[in-house]
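Listed here are the chains, written in short residue letters.
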Amino acid sequence: MSLESEPSSSFAGGRDWFFPSPSYSRSSQTSTTKPPQYSSNHHHRRRFHSISNSKPSSPPPPRTQSIIRQRRGFLKFPPPTRTPPTPTPATEEEEEDEDDKKKKKKNEKPSSSKNILIIWFSQSRYRFSLLLLVVVTLTIAAAAAAFAVLLRKVNTLQGEILSLTLRLYACDYSLINNTTTPPPYYHPRDHDHSSNFQRNLALFSSFTLLVIPLIIFNYIDYVSKSSSPDTISEQVSLNKQIAYYVDVFLSVHPYAKPLVLLLATLLLIFLGGLALFGVTSEDLAHCLWLSWTYVADSGNHASSQGFGPRLVAVSISFGGMLIFAMMLGLVSDAISEKFDSLRKGKSEVVEHNHTLILGWSDKLGSLLNQLAIANESLGGGTVVVMAERDKEEMELDIAKMEFDFKGTSVICRSGSPVILADLKKVSVSKARAIIVLAEDGNADQSDARALRTVLSLTGVKEGLRGHIVVEMSDLDNEVLVKLVGGDLVETVVAHDVIGRLMIQCARQPGLAQIWEDILGFENCEFYIKRWPQLDGMQFEDVLISFPEAIPCGVKVATHGGKIILNPDDSYVLQEGDEVLVIAEDDDTYAPTSLPKVWRGSLPKDFVCPKSPERILFCGWRRDMEDMIMVLDASLAEDSELWMFNDVPEKEREKKLTDGGLDINRLENISLVNREGNAVIRRHLESLPLESFDSILILADESVEDSAIQADSRSLATLLLIRDIQAKRLPYSQAHGGSFSKGSWIGEMKQASDKTVIISEILDPRTKNLLSMSKISDYVLSNELVSMALAMVAEDRQINDVLEELFAEEGNEMHIRLADLYLCEGEELSFYEIMLRARQRRDIVIGYRLANAERAVINPPAKTERRKWSLKDVFVVIAEKE
């Protein structure tokens, strides 16, 4: 095959360059020599020579050489879609090609090193330019300062020479008489010439210091744009980089702006002083002082004389006006920012031993009222409220609350309780108690936010001095919050507590008012204190040892501080035990010597027969299954529970089953479902309202997010039920009173004597309406929960007492008839009734007379005797029946 025929077949399609034919491979293996000038830099390049000739063929024509060069350039960067050929054993020719390739790479190294150098120089030219600018500026400033120092020394020396010369001239009497000219070595013109040179140099230096930075910036920016190589990507200009770094410096460092303003002021004073020194005859120190006066007051340059001094003075005054305008802006921004911070509640609270409330809800007003009453004996306290609301709105809402704060100051701050920075802002580590309020709305979302808040509180690095009181919305989420918070957390499950309390109040009318008296700080509440003088005394004797308090339990030191409510009479107080009492305040009671009390005997055996009851639930609550289980455990057999709401019956059963209630396992009650709207009269008239022993009007789940809407619905339901009952019951059942026969209040009042109605009220303002009408017993849920939160915040040990009183098992509050403890007209003291009640394992804490509306808890004068009626009732703490 000839050389001329090879290109026609090989270069036509270019395939043989990548996929050599078998004949070509065999011919390559048989050849032993290859001229170095035909070597290739790729191991797949083909050699052009005759197969029949073993000797090297003659060099290819020029056209072929150009084609080979083109192929070499093409093969140097093969297309990515091409599949590389199967490697073949290397021959001597290919080894020579590899050697040529290595040599070529060696020859190419300088060019690549040059590119790397160009890239490095282009990337670092901005840093070099900035460094050059700083060096030149500092050099000029240093030179100017050194020149000023030397100039001052020269002037001082010239003045000393002149003084010495004058003294020498005055001493030579003959020289004074015969000569009227200065000595030959004194030439005033030399001094004037030196002074003019110094002033011109000062003027030139001030102008140079102003112009050189601008020239350097523009020159570096021009060089960076003109000398940028094509292979380097577009770089950010120097002006933009400098502006960026200045912005970062001013925004990151808090004192950057005042510092820059100070440096600019000093630079203006220095340059202005040099310029004034160059255009006036004053010394440098005086010129610097004049420059400062021009900067401080733009009107001081009015006395300047001459074009040069006036021009320099006006320039300095313009710079001073600009600087003072910027200073005024900084001061104004700082003052505005401070006032905005105070207005928005972003400033830090420097308090200790305060009560911290996190969150905002309808219970906040009642909670603040209870905390204010609790702090009254201490002369007032401090309560800090932090919520995700505007500070001004919070302060306005608190100012509208209709109660006396009694010296307690309320501080509001805006922030999130899940952010550590906001928690530190309210001194969370120094608070004696932290109350986490539940949000209005979905129970699960509210409890999830409470959980995140507890996690944030436990993450405070400084630690917490006080305990955390968390209001929960669902009992099922209580375990998780306690698991996260540990010993720091005390929980109050508001929704479930109110549900159980409503059942207790429905079966025992008047119990709601007693709970208000005990939970609130206005009357009597629980206290725990250690009394060493009572060690070794039985609990029966401890009961009558406090004239101003009523003992209810013992905190046993040997059981890890467990509180035993209503212990046995034979229990003997040990060292370290504390006594739980009901008293007016923690400093109003103390034990005294034992009085002589006659015990007596009970008039009859304690028999409390249960009869079947019929109860109606109007509305639907989230904890309905828990309320049903509590009723099933406390009611007599064959009792009925009617549920009247707008939830479909099938969905109703599904909700109860999902809540853990097995309807088939109910022992004492049977469920009767009725579907309807509790605010529509015709739906209520389909129910036998006159036959129910008690009716519970629940805050319906659909409207519980709005307290006003829920209370309006409950109030409408109450009025409709009472009116329907009054129409169905004969008026002869009414018990007189001051109401006439046609009075609607009188008709409803006589209906209330037949059926007890418990209304769940969320807004405290609705309480007054129900109290004045006297047509319903009520449970003020939000206020009771606020009282419980405040009491636990003041003393976390009380939470164990409240949990037992609200639980399904253990002790609870009861209202007992007087005939269980005394006979008609019997004259007894309160201490004697307490000891008689101990025979039934009851602790009497108060009483309500037959003609009284409110009960008396912890009565005074417990040793005074009085006559009792069988219509009187006693409030006791006893085990659940």
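The shown structure was predicted, so the numbers you read here are calculated from the model rather than taken from an experiment.

Basis of the calculations
Numbers given for residues are sequential positions, taken from 1 along each chain in its written order. Per-residue local features of the predicted model are confined to residues with pLDDT of at least 70, and side-chain atom pairs are confined, for both listing and counting, to 80 or more; whole-chain, interface and lining totals are unaffected and use all residues. Hydrogen atoms and water are omitted, and side-chain values are computed over all heavy atoms in the structure. Note on pairing: DSSP must find at least two bridges between two strands before they are called paired. Each helix is a run of DSSP H or I of at least 4 residues and each strand a run of E of at least 2, with the numbering of both proceeding from the N terminus. Note on geometry: axes are lines fitted to C-alpha atoms, helical ones only across the stretch in contact, with angles between N-to-C directions running from 0 to 180 degrees. Each patch is assembled from residues with relative accessible area greater than 30% and no salt bridge, linking like charges that lie within 9 Å and nonpolar side chains (Val, Leu, Ile, Met, Phe, Trp, Tyr) that lie within 5 Å. All accessible-area figures derive from a Shrake-Rupley calculation using a 1.4 Å probe, and residue coverage is judged against the displayed protein chains alone. One side-chain nitrogen of Lys or Arg within 4 Å of one carboxyl oxygen of Asp or Glu is enough to make a salt bridge. In this tally, Lys and Arg are treated as positive and Asp and Glu as negative; His is ignored, and so are the chain termini. Taken as the charge location is NZ of Lys, CZ of Arg, CG of Asp or CD of Glu. Remark: exposure states derive from per-residue accessible area (1.4 Å probe, protein chains only) relative to the maximum for the residue type, with buried under 20%, exposed over 50%, and partly exposed in between. Note on scores: pLDDT gives the predictor's confidence for each residue, bounded by 0 and 100. Throughout, a residue-residue contact means that at least one pair of heavy atoms, one from each residue, lies within 4.5 Å. N or O atoms closer than or at 3.5 Å make up a polar contact, with two conditions inside protein: a donor-capable atom paired with an acceptor-capable one, and, for residues adjacent in sequence, both atoms drawn from side chains. Roughly parallel refers to an angle under 35 degrees, roughly antiparallel to one over 145, roughly perpendicular to one between 65 and 115, and oblique to any angle outside these ranges. When the near helix sits turned anticlockwise from the far one by under a right angle, the crossing is termed left-handed; a clockwise turn instead gives a right-handed crossing. Each residue gets one label: Ala, Val, Leu, Ile, Met, Phe, Trp, Tyr, Cys and Pro are nonpolar, Asp, Glu, Lys and Arg are charged, and the others, such as Gly, are polar.

Think of a sheet as strands paired side by side through backbone hydrogen bonds, with each pair either parallel or antiparallel. Reading across the sheet, the 4 strands line up as S7-S10-S8-S9 and stay open at both edges, with antiparallel pairing between neighbours. What marks the edges here is a single partner per strand, and that holds for strand S7 (525-530) and strand S9 (562-565). Sheet twist, expressed as the average angle between the axes of neighbouring strands with direction ignored, equals 35 degrees. In the sheet, strand S8 (residues 549-556) pairs with S9 via 4 bridges, with the strands oriented antiparallel. Residue pairing across strands places Gly-553 opposite Leu-565, the latter belonging to S9.

What follows is about a negative patch on the surface. Together, Asp-646, Glu-649, Glu-653 and Glu-675 make up a negatively charged patch on the protein surface. Position of Asp-646 relative to the elements: it lies in the loop between strand S12 (639-645) and helix H20 (649-658). The partly exposed category is assigned to Asp-646, whose relative accessible area is 40%.

Another aspect to go through is helix H17 (residues 511-519). In terms of burial, H17 is a largely internal element, 9 of the 9 residues being buried. Restricting attention to buried positions, one finds in H17 the residues Leu-511, Ala-512, Gln-513, Ile-514, Trp-515, Glu-516, Asp-517, Ile-518 and Leu-519.

Turning to the confidence of the model for the protein, a few remarks are in order. With 71% of its residues at a pLDDT of 70 or more, the protein has an overall mean of 76. Here residues 1-92 is a poorly scored stretch, pLDDT under 50, and it has 93 contacts once near neighbours within four places are set aside; other chains count. pLDDT under 50 marks residues 184-191. Its contacts with residues more than four places away, or in other chains, come to 5 contacts.

By the secondary structure assignment, Arg-838 is in helix H27 (residues 830-838). The buried category is assigned to Arg-838, whose relative accessible area is 4%. Within the structure, Arg-838 has its side chain in polar contact with the backbone oxygen of Pro-567 (distance 2.8 Å). Excluding anything up to four places from it in sequence, Arg-838 contacts Phe-539, Leu-543, Asn-566, Pro-567, Asp-568, Asp-569 and Ile-843.

So, about the packing of helix H11 (residues 364-374) against helix H25 (residues 781-794). Closest axis-to-axis distance for the H11/H25 pair is 8 Å, and the angle between their directions is 40 degrees. Taken together, H11 and H25 sit at an angle that is classed as oblique. The element H11 and its partner H25 pack so that their crossing is right-handed. On H25, the residues touching Ser-366, Leu-367, Gln-370, Leu-371 and Ala-374 of H11 are Glu-783, Ser-786, Met-787, Leu-789, Ala-790 and Glu-794. Across the contact of H11 with H25, the residue classes break down as 6 nonpolar, 3 polar and 2 charged.

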